[in-house]
Amino acid sequence: MKGGMRFGAGRPGWHMKAEHCRRIDVHRFKREGMLRPGSWGWSWRDSETGKVLASIGVIGGHDRITLEYSVGGTPITEHINITRTACAYGGSRPWFNCPKCWDRVAVLYLRQSRFACRKCQRLVYASQSEDALGRTWRKQSKLEARLGENWSRPKGMHRKTRERILEAIWECEGIRDDALAEFAARLGFRL
Ligand SMILES: [Zn+2]
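Remember, predicted model here, so these are calculated numbers, not experimental data.

Undergrad: Before we go on, may I ask you to explain the overall build of the chain in this structure?
TA: A tally of helices and strands in the chain yields 3 helices and 11 strands. Mapped from its N terminus to its C terminus, the chain presents α and β elements in the order β-β-α-β-β-β-β-β-β-β-β-β-α-α. Every one of the 191 residues in the chain was classed for burial, and the buried ones make up 40%. A separation of at least 24 residues holds for 45% of the contacts in the chain among residues at least 6 apart in sequence. When the accessible surface of the chain is split by element, carbon and sulfur atoms take 51% of a total near 11,400 Å².

In structure tokens, the structure reads:
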């Protein structure tokens, strides 16, 4: 990868906001077809300009994916195991296993050159109250209303506009998935 990525080291003990970190979302990876064998790529874009801010290589697989990226010129390879749980209505949903604590999570965050779950990265959401979770639903239904059936692009909408809307929807889903996993863990369940 040319140039590599640069990230602030972050002060130890300083709780960053999850919203400000580079993140990967297992649902998004699934939707984009990256949880199957092959070489894929992932980029983070500026939501205003669409400019690529950083990117990683992804070697896909059903049970494991490999992330390849570089930070400050140092190449890093990280393996992430994928587990699947059965859904009530058939099929299965994938989870990332955090490479540090092995918890099942929907979202991994990149911080100090490694991907790990929000807890391991000591990230906090701006607000984790029930209100905040309710807001993600309301926000999501508003976003979904702008799209066609199955999140398709309505006639006349720019491709980039749809991508931005999807990005925001995935953000909403990721926040709720993590909150759900955390809640279940507190009750002693494993999702
Ligand atoms: Zn973890």
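Undergrad: Would you explain the coordination of the zinc ion in this entry?
TA: Note on metal geometry: ideal angles are 109.5 degrees for four donors arranged tetrahedrally and 90 or 180 degrees for six donors arranged octahedrally. Only Cys-98 (SG), Cys-101 (SG), Cys-117 (SG) and Cys-120 (SG) from the protein reach the zinc ion as donors, at distances of 2.3 to 2.4 Å. Classification of the site at the zinc ion as tetrahedral follows from its 4 donor atoms and the range of 105 to 114° in their angles at the metal. Positions of the donor residues of the zinc ion, expressed as sequence spacing, correspond to C-x2-C-x15-C-x2-C. Of this pair, Cys-101 sits in the loop between β7 (92-97) and β8 (104-105) while Cys-117 is found in the loop between β10 (114-116) and β11 (123-124), placing the two residues 16 residues apart along the sequence.

Undergrad: Looking at this structure, how should I read a positive patch on the surface?
TA: A surface patch of like charges, here positive, comprises Arg-45, Arg-146, Lys-160 and Arg-164. If you trace the backbone, Arg-164 turns up in helix α3 (residues 159-186).

Undergrad: What am I meant to see in the sheet that holds strand β2 (residues 22-25) here?
TA: For sheets, the rule is that strands pair by backbone hydrogen bonds, running either parallel or antiparallel. Pairing in this open sheet of 3 strands is antiparallel, and the strands run β2-β9-β10 from one edge to the other. Both outer strands of the open sheet, β2 and β10, are each paired with one neighbouring strand and no more. Ignoring which end each strand starts from, the neighbouring axes of this sheet average 25° apart.

Undergrad: Just to check I follow, could you spell out the pattern of salt bridges for this structure?
TA: Here the idea is simple: oppositely charged side chains can pair when their charged atoms come close. Enumeration according to the criterion identifies 6 salt bridges in this entry. Between Arg-114 and Glu-78 there is a salt bridge; the shortest N-O distance is 3.0 Å. With Arg-114 in strand β10 and Glu-78 in strand β6 (residues 74-86), this pair connects stretches of sequence that are 36 residues apart. Of the residues examined, Arg-114 reaches a relative accessible area of 34% and is grouped as partly exposed. For Glu-78, a relative accessible area of 8% gives the class buried. We note a salt bridge from Lys-119 to Asp-103, for which the minimum N-O separation is 2.8 Å. A residue pair is termed long-range when its members are at least 10 positions apart, and Lys-119 in the loop between β10 and β11 and Asp-103 in the loop between β7 and β8 qualify at 16 residues. Among the residues examined, Asp-103 registers a relative accessible area of 18% and is labelled buried.

Undergrad: What is the right way to look at the nonpolar core in this model?
TA: Taken as a class, soluble globular proteins show a tendency for nonpolar side chains to be buried jointly. Counting residues in each nonpolar core, the largest one holds 30 residues, and the members touching the most others are Ile-24, Phe-29, Leu-67 and Phe-96. Residues contacting Leu-67, with those up to four places away along its chain left out, are Ile-24, Phe-29, Ile-56, Gly-57, Val-58, Ile-76, Thr-77, Glu-78, Ile-80 and Phe-115. Core analysis: the next-biggest nonpolar cluster, separate from the first, contains 9 residues, Met-157, Leu-166, Ile-169 and Trp-170 among them.

Undergrad: Help me understand the packing of aromatic side chains, please; the structure alone is not making it clear to me.
TA: Each aromatic ring pair is described using two quantities: the centre-to-centre distance and the angle formed by the ring planes. Throughout the structure, instances matching the rule amount to 4 aromatic pairs. A ring pair is formed by Phe-29 and Trp-42, whose centres lie 5.2 Å apart and whose planes are at 50°; its orientation type is tilted. Taken together, the residues span a long stretch of sequence, with Phe-29 in helix α1 (residues 26-31) and Trp-42 in strand β3 (residues 38-45) at a distance of 13 residues. Judged by relative accessible area, Trp-42 falls into the buried class, the value being 10%.

Scoring rules and cut-offs
- Per chain, the residues get numbers from 1 upward, laid out in the order the sequence is written.
- Only residues with pLDDT of at least 70 are given local features in this predicted model, and only at 80 or more are side-chain atom pairs given and counted; all residues enter the totals for whole chains, interfaces and linings.
- Water and hydrogen atoms were dropped before computing side-chain values, which therefore reflect all heavy atoms in the structure.
- Here a helix means four or more residues in a row that DSSP labels H or I, a strand means two or more in a row labelled E, and each is numbered from the N terminus.
- Each residue is placed in one exposure class: buried if its accessible area under a 1.4 Å probe, protein chains only, is under 20% of its type's maximum, exposed if it is over 50%, and partly exposed if it falls in between.
- Throughout, a contact is declared for two residues whenever any of their heavy atoms are within 4.5 Å.
- A 1.4 Å probe and the Shrake-Rupley method give the accessible areas. Residues count as covered only by the protein chains that appear here.
- Only nitrogen, oxygen and sulfur atoms count as donors, using a 2.8 Å cut-off from the metal that widens to 3.2 Å for Na, K and Ca. Water is left out, so coordination shells may look unfilled.
- Irregular is the label for any site that misses the other tests, which are tetrahedral for four donors with all angles between 85 and 135 degrees, and square planar for four donors or octahedral for six when opposite donors exceed 155 degrees and the remaining angles lie between 65 and 115.
- Patches in this entry comprise residues that are over 30% relatively accessible and not in a salt bridge; like charges within 9 Å are linked, as are nonpolar side chains (Val, Leu, Ile, Met, Phe, Trp, Tyr) within 5 Å.
- Every case where a carboxyl oxygen of Asp or Glu lies within 4 Å of a side-chain nitrogen of Lys or Arg is listed as a salt bridge.
- Positive charges are assigned to Lys and Arg, negative charges to Asp and Glu, while His and the chain termini are left out of the count.
- Charge positions come from single atoms, namely NZ of Lys, CZ of Arg, CG of Asp or CD of Glu.
- At least two DSSP bridges between two strands are needed for those strands to be called paired.
- To get an axis, a line is fitted to the C-alpha atoms, and for a helix only the part in contact is used. The angle between two axes follows their N-to-C directions and goes from 0 to 180 degrees.
- By nonpolar core is meant a set of buried Ala, Val, Leu, Ile, Met, Phe, Trp, Tyr and Cys residues that side-chain atoms within 4.5 Å join together.
- Only Phe, Tyr and Trp rings are paired, with Trp represented by its six-membered ring, and only when their centres lie within 6.5 Å; those with planes under 30 degrees apart are stacked, over 60 edge-to-face, the remainder tilted.

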